[in-house]
Protein chains: 4
Amino acid sequence: MLTPDIHGIIGYTITPFSTDGEQLDLDTLGHSIDRLIDSGIHAIAPLGSTGEGAYLSDYEWDQVCEFSTQHVAKRIPTIVSVSDLTTAKAIRRARFAQDRGADAVMVLPTSYWKLSEAEILAHYQAIGGSIDLPIMVYNNPATSGTDMSPELILRIFNAVENVTMVKESTGDIQRMHRLQQLSEGQVPFFNGCNPMALEAFAAGAKGWCTAAPNLIATLNLELYAAILANDLERARVLFYRQLPLLDFILKGGLPATIKAGLRSTGLDVGNPRLPVSPLSDAASKQLLAMIDA
Amino acid sequence: MLTPDIHGIIGYTITPFSTDGEQLDLDTLGHSIDRLIDSGIHAIAPLGSTGEGAYLSDYEWDQVCEFSTQHVAKRIPTIVSVSDLTTAKAIRRARFAQDRGADAVMVLPTSYWKLSEAEILAHYQAIGGSIDLPIMVYNNPATSGTDMSPELILRIFNAVENVTMVKESTGDIQRMHRLQQLSEGQVPFFNGCNPMALEAFAAGAKGWCTAAPNLIATLNLELYAAILANDLERARVLFYRQLPLLDFILKGGLPATIKAGLRSTGLDVGNPRLPVSPLSDAASKQLLAMIDA
Amino acid sequence: MLTPDIHGIIGYTITPFSTDGEQLDLDTLGHSIDRLIDSGIHAIAPLGSTGEGAYLSDYEWDQVCEFSTQHVAKRIPTIVSVSDLTTAKAIRRARFAQDRGADAVMVLPTSYWKLSEAEILAHYQAIGGSIDLPIMVYNNPATSGTDMSPELILRIFNAVENVTMVKESTGDIQRMHRLQQLSEGQVPFFNGCNPMALEAFAAGAKGWCTAAPNLIATLNLELYAAILANDLERARVLFYRQLPLLDFILKGGLPATIKAGLRSTGLDVGNPRLPVSPLSDAASKQLLAMIDA
Amino acid sequence: MLTPDIHGIIGYTITPFSTDGEQLDLDTLGHSIDRLIDSGIHAIAPLGSTGEGAYLSDYEWDQVCEFSTQHVAKRIPTIVSVSDLTTAKAIRRARFAQDRGADAVMVLPTSYWKLSEAEILAHYQAIGGSIDLPIMVYNNPATSGTDMSPELILRIFNAVENVTMVKESTGDIQRMHRLQQLSEGQVPFFNGCNPMALEAFAAGAKGWCTAAPNLIATLNLELYAAILANDLERARVLFYRQLPLLDFILKGGLPATIKAGLRSTGLDVGNPRLPVSPLSDAASKQLLAMIDA
């Protein structure tokens, strides 16, 4: 098993629904994927938080997974989020994603009951042992309710052979420092906190997992290019230019804001599923003004 | 619609699984329900946090709901937890519970994306408008990720006609004070934090929603009786007698500890679903010692 | 050394200043002490948080300490707060209080730099070894910045002979449970969180350290009497009757609210020292309405 | 009034004591100041957190202030921390520092009682109106107990003419972003969180206020030079090289660790004042190994 070279700007897809929110709209999903790939991003991540993976039935999830991997068709690497509440269901999803051609999977330790470190490790071991794909460990306590310390993440990294990447979304830069130090630079870490993109790259992040390329791919890509060019001053200017939008989509919730932004720019992808509300008209206008700026 | 007189000790059921964790064991569920009812508790609550409701497939959930309501057979009131991630699915469960004869439903605003107060209110309004049963609003940020202020809870109470009860599980006694004050004593509130049972009753809680009666129903009931008898000294003694066990089951996770305790006392209800691990042998022995004491 | 029987309602004194805030007004301090003692409270506590002990120069502190102990003149026990930032200065204050006739001292581990558990223990040992008075360990992270766990408090209690009482002000009822359990009921604990007075007594608190008797001593005393009479229902009614005022003085800051309340009731004790502002006129009227009710 | 050009590496001084901790050792203070200045740092900051300003008597504080300003003798700008618990005492210190030739003062809103935003603003206005020096607003809730939002800091910046700089020590990079955005880049902000030095510079910090130059000035200065040279890759390498020591001194407490480090490198500056303990021998050896590396 070789880990594909995953780096740079990794774009999350949304999941389009019909107007009443009940049906998947796979045609539009295809358009949104094409827009992302055409923008030049380096990898694509279906069914993540932005993709409302948690709000889909198993049947819908399978459809989106299958369609997405086939539609991407290896143009760029595909990382499918396969998190689920039970280990058994997460394994099922991971195998399904592998069968459909995913290049890697992302796993968040979602939970209802708080998990011990041993339980979390066993969860990753069980998933890791069930597939041959590389796994990106994903830490995001704000959505999962589980906070994994850098020490635990490193234990998982060392204990599970195909765990080869880490996505950190706490927004605490010290977590990245700690991963870097504990692993002596051997753990490739990715940033999942949009308003910390500049500093994560400064600290050595290999990539940025973000829904922002649905709306402002060029700015995201230019920031990464400035980092590659070792041009901090330019990176800083580019970062502050996109920060208002990054703050806005984080604060407003990614499915609601990204879907509103896509609609504003001509691609109607429907609304998020209730209880998540669509963005108000006023906020949508504010967002469009930011995109235009 | 009349709210049944729900008060006192409200016992949560566990959900028994076969040894491999894959099949429901409804026979054993029936036994565990009988044990709870025979112990003298005042109401029963299937499919709550303890019942691993979040870890069941929709098909399993329906089976447990149907079996539980039929097996209780109106011996005592049944309050079914119908929480789900989308409003549509929570409504479906609430209607299903109503059709099967539940006396009330309990709703926790589970979420993946943080919900605004308006989104939470709309969620309760949509569920409330879909059934004729009384609803117990349930606040438990530790499992749901959403913390509802007393002010918001009161708004929901006032805006949704069939929201008639509140369960507070934050463990912050000031929340109960605030509910009592804001509503001038008109909101019946129930305690969901086991190690705060004494003080919640002192503050005026109408009942205690707890999984502890699976193991120590007599102590739970005696505490409530002491409160009804206005005998604080006796209530305090009874509370401290059961507190070590209440602390233990909270800290160890209710499904794991209650299932281990039931096994220790002769009823094998299987293990929790992974990634939640069963209690270790050492901890199970510690628990049994507490039950015996 | 015998610990005096400290229990029940322990009232904090304010420290009156002249109009410009620069001079102590000891005459008025005498009046306020007399009012407290005449109201029937069980012990008195000068120079605590309410008494702005932290805002006094050493010279002023000594004056207030000397005047207070002499003016109380053993009518009821006097517990002097002797907290200071360095161990040396806290010892000096403790000795001074002892020389002037205090019956006990209270020590909060104030800090600028976070202290380790070993540093906190050594602080208490040094103070304990310097005086012959009983010491009340005081935990209040909101003002001191240091949170002592029940386990640490018990270690201090066991290691320092004249530490014989604990005041808990976190407002977390579980801290009191833990002290009670860990010490098998051998640690006398006092409540320092006004809006938790009812529940602290329910949990077994031996007393309530509070500034409220400056304004509503009768209600405070009646609550304690109801607890002694094992009449929970009456205690609950009395508690909810005083809760709005208890919430108000906590939220508004004790020096500002108690001083405003005393002025409203005819005793002008001046303003708190800046940067703490006096209560606004509107808030003072609101407070007076609560006192009258 | 002109603000001196304060930027780059701003080094905190320690305050040396005699062996018994009771006397100031001004001679050694002079040596430690010379070492800092000779190392090439850009400004010097006496009596800050590292300098144990909070643990000194007023008389001692005055001595250290006077000696430090005279000994620096304008070789580099001197920023004196003048924080105190009351507004009156902070003003006294600010005027004293101005009289002795300080180039700027730093003010942390230390508090015992929580301050409202209006009280904090009034505190800065009173100090600002009492001196002609530029003021650096300093936010450090971990030591002061008061957390000022970027919005409040900007209000102070706009309302008080001689507030011209901000030091942010929360370690939350979003605070710096917010200051930058809200002020459209017009507020010069400085970093006070050692392990965030790289990212603060990436985000545009004008300087780094740190005690580290007492031990590793060259590395601190080289990091800043790399930033000025727009060489992010080199800055990153330099940052990770010094990060273990930065983490160590933060975690161990600055007075204890810096004093131990100075002793290890040949300058005996005594111990911190109790209750702060000196670093253990084992930890001191660990620190020396880091300095040597």
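Quantities reported herein were computed from a predicted structural model and do not represent experimental measurements.

Draft legend 1. Quick peek at the overall build of chain A. Tallying secondary structure elements over chain A gives 12 helices and eight strands in all. The C-alpha radius of gyration of chain A comes to 18 Å, within 12% of the 19 Å expected for a compact globule of 293 residues. Projected onto its principal axes, the C-alpha coordinates of chain A cover approximately 45 × 45 × 35 Å. When the 293 residues of chain A are sorted by exposure, 63% land in the buried category. Surface accessibility of chain A: about 10300 Å² in total, with carbon and sulfur atoms responsible for 51%. Counting 22 positive and 32 negative side-chain charges, chain A places the averaged centre of each group 2 Å from the other.

Draft legend 2. Structural view of the sheet that holds strand S3 (residues 79-81) of chain D. Residue and element names in this part refer to chain D. Spatial ordering of the open sheet is given by S2-S1-S8-S7-S6-S5-S4-S3, a layout of eight strands whose pairing is parallel. A strand with exactly one partner marks an edge of an open sheet, and here the two such strands are strand S2 (43-45) and S3. Each adjacent strand pair in this sheet contributes to an overall mean axis angle of 30°, direction not counted. Relative to strand S6 (residues 163-168), strand S5 (residues 135-139) runs parallel, the two being bridged by five bridges. Following the sheet pairing, Met-136 is matched in S6 by Met-165. Against the sheet, helix H6 (residues 150-159) contacts S5 and S6, and its axis sits at roughly 160° relative to S6.

Draft legend 3. Structural context of the arrangement of the chains. Chain A makes no contact with chain C; the smallest distance between any of their C-alpha atoms is 20 Å. With no contact formed, the shortest span from any C-alpha in chain B to any C-alpha in chain D equals 20 Å.

Draft legend 4. Broad picture of the relation of the copies chain A and chain D. Under the fitted operation, chain A is carried onto chain D by 0.0 Å of movement along the axis and a turn of 180°, and the coordinates agree to an RMSD of 0.0 Å. Expressed as an axis order, the relation between the two copies is that of a two-fold axis. For chain A, the minimum C-alpha distance to the rotation axis belongs to Glu199(A) and amounts to 2.5 Å. Mapped onto chain D, 100% of the interface residues of chain A again fall at the interface, so both copies present the same surface.

Draft legend 5. Molecular detail of helix H6 (residues 150-159) of chain B. Looking only at H6(B), the buried set comprises Pro150(B), Leu152(B), Ile153(B), Leu154(B), Ile156(B) and Phe157(B). In this structure, the buried side of H6(B) is in contact with helix H4 (117-128), strand S5 (135-139), strand S6 (163-168) and helix H7 (173-182) of chain B.

Draft legend 6. Region of interest: empty space enclosed by the protein. Residue and element names in this part refer to chain A. For the structure shown, the criterion picks out one cavity of 30 Å³ or more. Considering only enclosed or pocket space, the largest cavity measures out at about 40 Å³ in volume. What lines the largest cavity is Ala-256, Lys-259, Ala-260, Arg-263, Asn-271, Pro-272, Pro-278 and Leu-279. Grouping the amino acids of the lining of the largest cavity by side-chain chemistry returns five nonpolar, one polar and two charged.

Draft legend 7. Broad picture of the packing of helix H1 (residues 26-39) of chain A against helix H9 (residues 213-228) of chain A. Residue and element names in this part refer to chain A. Between H1 and H9, the shortest axis-to-axis distance is 9 Å and the interhelical angle comes to 5°. In terms of orientation, H1 and H9 fall into the roughly parallel class. Of the residues in H9, those in contact with Arg-35, Leu-36 and Ser-39 of H1 are Pro-213, Asn-214, Ala-217 and Leu-221. Within the contact of H1 with H9, the residues separate by chemical class into four nonpolar, two polar and one charged.

Draft legend 8. Representation of the packing of aromatic side chains within the structure. With the rule as written, the count across this model stands at 16 aromatic pairs over all chains. With a centroid separation of 5.5 Å and 40° between ring planes, the pair formed by Phe201(B) and Tyr224(B) is classed as tilted. Of this pair, Phe201(B) sits in helix H8 (residues 197-202) while Tyr224(B) sits in helix H9 (residues 213-228), and the two are 23 residues apart along the sequence. A relative accessible area of 2% places Phe201(B) in the buried class. You can call Tyr224(B) buried: its relative accessible area is 8%. With 6.0 Å between their ring centres and 70° between their planes, Tyr112(C) and Trp113(C) make a pair best called edge-to-face. For Lys167(A), the ring lying beneath its charged end belongs to Tyr138(A), and the centroid distance is 3.7 Å.

Draft legend 9. Structural detail: the sheet that holds strand S4 (residues 104-107) of chain B. Residues and elements named next belong to chain B. What the eight strands build is an open sheet, ordered S2-S1-S8-S7-S6-S5-S4-S3; its pairing is parallel. Of all strands in the sheet, those bounded by a partner on one side alone are strand S2 (43-45) and strand S3 (79-81). The sheet shows a mean angle of 30° between the axes of neighbouring strands, direction not considered. Here three bridges tie S4 to S5, and the two strands are oriented parallel to one another.

Draft legend 10. Representation of the relation of the copies chain C and chain B in the model. Placing chain C over chain B gives an RMSD of 0.0 Å and needs a rotation angle of 180°, together with 0.0 Å of translation along the axis. A high fraction, 100%, of the interface residues of chain C reappear at the interface in chain B, so the copies pair face to face through one surface.

Draft legend 11. Molecular detail of the interface of chain A and chain D. Chain A puts 27 residues into the contact, and the matching count from chain D is 27 residues. Where chain A abuts chain D, roughly 2100 Å² becomes buried across the two surfaces, and 50% of that area is made up of carbon and sulfur atoms. The three residues of chain A that bury the most area against chain D are Asn230(A), Leu232(A) and Tyr240(A), which together make up 28% of that side's buried surface. Remark: the boundary between chain A and chain D carries zero salt bridges. Where the side of chain A that touches chain D is concerned, the elements lending two or more residues are helix H7 (173-182), helix H8 (197-202), H9 and helix H10 (232-252) of chain A. By residue number, the principal contributor to the side of chain A that touches chain D is H10(A), which donates eight residues. Per-class residue counts for the side of chain A that touches chain D are 16 nonpolar, six polar and five charged.

Draft legend 12. Inspection of the interface of chain C and chain B at higher detail. The interface of chain C with chain B comprises 27 residues on the first partner and 27 residues on the second. Both sides together, the interface formed by chain C and chain B hides about 2100 Å², and carbon and sulfur atoms give 50% of it. Considering only the side of chain C, the residues that lose the most area to chain B are Asn230(C), Leu232(C) and Tyr240(C), jointly responsible for 28% of the buried surface there. Counting across the chain C and chain B interface gives zero salt bridges. Seen at the junction of chain C and chain B, the total is 18 residue pairs in polar contact (both at pLDDT 80 or more). Taken together, the elements giving at least two residues each to the side of chain C that touches chain B come down to helix H7 (173-182), helix H8 (197-202), helix H9 (213-228) and helix H10 (232-252) of chain C. Here the side of chain C that touches chain B gets eight residues from one element, more than from any other, and that element is H10(C). Residues belonging to the side of chain C that touches chain B are distributed by class as follows: 16 nonpolar, six polar and five charged.

Draft legend 13. View of unusual backbone geometry. Here the residue pair Leu274(A) and Pro275(A) is connected by a cis peptide bond, since its omega of 15° sits within 30 degrees of zero. Here Pro275(A) shows up in the loop between helix H11 (254-264) and helix H12 (281-292). Even without being a glycine, Lys74(B) presents a positive backbone phi close to 65°. Looking at where Lys74(B) falls in the secondary structure, it is placed in the loop between helix H2 (58-72) and S3. A relative accessible area of 54% places Lys74(B) in the exposed class.

Draft legend 14. Examining helix H11 (residues 254-264) of chain C more closely. Residues and elements named next belong to chain C. Summarising burial for H11: nine of the 11 residues are buried, a large majority. Residues of H11 that are buried: Leu-254, Pro-255, Ala-256, Thr-257, Ile-258, Lys-259, Ala-260, Gly-261 and Leu-262. On its buried face, H11 is in contact with helix H1 (26-39), H9, H10 and helix H12 (281-292). Gly-266 occupies a position one or two residues after H11 and carries a positive phi of about 100°.

Draft legend 15. The arrangement of the environment of Thr146(A) in detail. Residue and element names in this part refer to chain A. Positionally, Thr-146 belongs in the loop between helix H5 (141-144) and helix H6 (150-159). What makes Thr-146 buried here is its relative accessible area of 5%. Residues Thr-146 and Glu-117, spaced 29 residues apart in sequence, show a C-alpha to C-alpha distance of 10.0 Å. Residues in contact with Thr-146, not counting those within four places in the same chain, are Pro-109, Ser-111, Ile-120, Asn-139, Asn-140 and Pro-141. Among the polar contacts made by the side chain of Thr-146, one reaches the side chain of Ser-111 at a distance of 3.2 Å.

Calculation criteria
- Residues numbered from 1 in each chain as written.
- Chains lettered and ligands numbered in written order.
- Predicted model: local features only at pLDDT ≥ 70, side-chain atom pairs only at ≥ 80, totals over all residues.
- Heavy atoms only, no water.
- Helix = DSSP H or I, 4+ residues; strand = E, 2+ residues; numbered from the N terminus.
- Rg over C-alpha atoms; globule rule 2.2 N^0.38 Å.
- Buried < 20%, exposed > 50% of the residue type's maximum accessible area, 1.4 Å probe, protein only.
- Areas by Shrake-Rupley, 256 points an atom, 1.4 Å probe, with all protein chains shown as cover.
- Lys, Arg positive; Asp, Glu negative; His and termini not counted.
- Charge placed at Lys NZ, Arg CZ, Asp CG, Glu CD.
- Pairing = 2+ DSSP bridges.
- Axes fitted to C-alpha atoms, helices over the stretch in contact; angles between N-to-C directions.
- Contact = heavy atoms within 4.5 Å.
- Least-squares fit on C-alpha atoms with pLDDT ≥ 70 in both.
- 1 Å grid on protein atoms, 1.4 Å probe; cavity = no way out; pocket = protein on both sides within 12 Å on 5 of 7 lines; lining within 4 Å.
- Points joined across faces, edges and corners; volume = space filled by probe spheres on them.
- Nonpolar A, V, L, I, M, F, W, Y, C, P; charged D, E, K, R; others polar.
- Parallel < 35°, antiparallel > 145°, perpendicular 65-115°, else oblique.
- Phe/Tyr/Trp six-rings, centres within 6.5 Å; stacked < 30°, edge-to-face > 60°.
- Lys NZ or Arg CZ within 6 Å of the ring centre and 35° of its normal.
- Buried area = accessible area lost by both parts, 1.4 Å probe.
- Salt bridge = Lys/Arg side-chain N within 4 Å of Asp/Glu carboxyl O.
- Polar contact = N/O pair within 3.5 Å; in protein donor to acceptor, adjacent residues only side chain to side chain.

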